[in-house]
There are 2 protein chains.
Amino acid sequence: MLKVIAQDFIHLDALEIVRPLYRELVELTQREPLCIAYDLFENQKDPGHFIFVEEWPDRAALDIHCASEHFRRLVPLINAHQRQDGTFILMDRFQVGE
Amino acid sequence: MLKVIAQDFIHLDALEIVRPLYRELVELTQREPLCIAYDLFENQKDPGHFIFVEEWPDRAALDIHCASEHFRRLVPLINAHQRQDGTFILMDRFQVGE
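These figures come from a predicted structure and were not determined experimentally.

Chemist: Provide a residue-level description of the interface of chain B and chain A, including the pertinent values.
Modeler: Counting from both sides, the interface comprises 30 residues of chain B and, opposite them, 30 residues of chain A. When the area that chain B buries against chain A is broken down by residue, the three leading residues are Phe41(B), Gln44(B) and Phe94(B), summing to 27%. Connecting chain B to chain A are 2 salt bridges. Note that Asp39(A) is salt-bridged to Arg93(B), the shortest N-O span being 3.3 Å. Counting every contact that joins chain B to chain A gives 12 residue pairs in polar contact (both at pLDDT 80 or more). When contributions to the side of chain B that touches chain A are tallied by element, the ones reaching two or more residues are β1 (2-10), α1 (15-30), β2 (37-43), β3 (49-56) and β4 (82-93) of chain B. Within the side of chain B that touches chain A, the residues separate by chemical class into 15 nonpolar, 6 polar and 9 charged. Sheet analysis places strand β4 (residues 82-93) of chain A next to β2(B), joined by 3 bridges and oriented antiparallel. Residue pairing for β2(B): Met91(A) is matched across the bridge by Asn43(B).

Chemist: Give a detailed account of the sheet that holds β4(A), specifying residues and quantitative values.
Modeler: The strand order β1(A)-β3(A)-β2(A)-β4(B)-β1(B)-β3(B)-β2(B)-β4(A) describes a closed barrel built from 8 strands, whose pairing is antiparallel. Across the sheet, the mean angle from the axis of one strand to that of its neighbour is 35 degrees, orientation sign disregarded. Bridge count between β1(B) and β4(B): 7 bridges; the pairing is antiparallel. Counterpart to Ala6(B) in the pairing with β4(B) is Phe88(B). Running over the sheet, helix α2 (residues 59-66) of chain A touches β1 (2-10), β2 (37-43), β3 (49-56) and β4 of chain A and is turned about 130 degrees from β3(A).

Chemist: Describe the relation of the copies chain B and chain A, listing the residues and the values that go with them.
Modeler: To go from the first copy of the chain to the second, apply a rotation about an axis and then a shift along the same axis. For the pair chain B and chain A, the superposition axis carries a translation of 0.0 Å, the fit reaches an RMSD of 0.0 Å, and the rotation angle comes to 180 degrees. Expressed as an axis order, the relation between the two copies is that of a two-fold axis. Considering only C-alpha atoms, the residue of chain B closest to the rotation axis is Val53(B), which sits at 4.2 Å. A share of 100% of interface residues in chain B that are also interface residues in chain A marks the association as one of identical surfaces.

The rules behind the values
Residues numbered from 1 in each chain as written. Chains lettered and ligands numbered in written order. Predicted model: local features only at pLDDT ≥ 70, side-chain atom pairs only at ≥ 80, totals over all residues. Heavy atoms only, no water. Contact = heavy atoms within 4.5 Å. Buried area = accessible area lost by both parts, 1.4 Å probe. Salt bridge = Lys/Arg side-chain N within 4 Å of Asp/Glu carboxyl O. Polar contact = N/O pair within 3.5 Å; in protein donor to acceptor, adjacent residues only side chain to side chain. Helix = DSSP H or I, 4+ residues; strand = E, 2+ residues; numbered from the N terminus. Nonpolar A, V, L, I, M, F, W, Y, C, P; charged D, E, K, R; others polar. Pairing = 2+ DSSP bridges. Axes fitted to C-alpha atoms, helices over the stretch in contact; angles between N-to-C directions. Least-squares fit on C-alpha atoms with pLDDT ≥ 70 in both.

Take a look at the structure:
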């Protein structure tokens, strides 16, 4: 299992431009057969700070997502309105049990 | 619904000290009646960077968590080994549907 947090920082004057792009990206990604979870959130205290919380079976599935038509079409359209570079973190689950 | 990402940055020489503290914190928090999700992850590329992905019904529930015996006992024990200040983001879900 691979958990991902991806963060975007969008100019305030572009919020209404990016919202339908994010909406399409989320809807199409959630339909990918390998997608376990792909949820988008907004920072309550920083408008334009968008946070994806994702779950994939493995790195290969994430790579397939990043090569998809919808990713390659929509992400550059969103990134054109960035106020700073996005970030992403690839994570392993902390093992609670022994 | 309130989504939270909380991030800790722990000194490498303290990883084996904090692991059982995190384990207890996760186990006890997941038993809180208002906890919807409380999952802990580790950055694959940055050992000692721990990331909580949490979900609570509302801010009041998060405040009850932060006032719990286990939170007030365990978090200072963990934070004693921080290499930099932790961060947290409170988030709303992006509305995909119209």
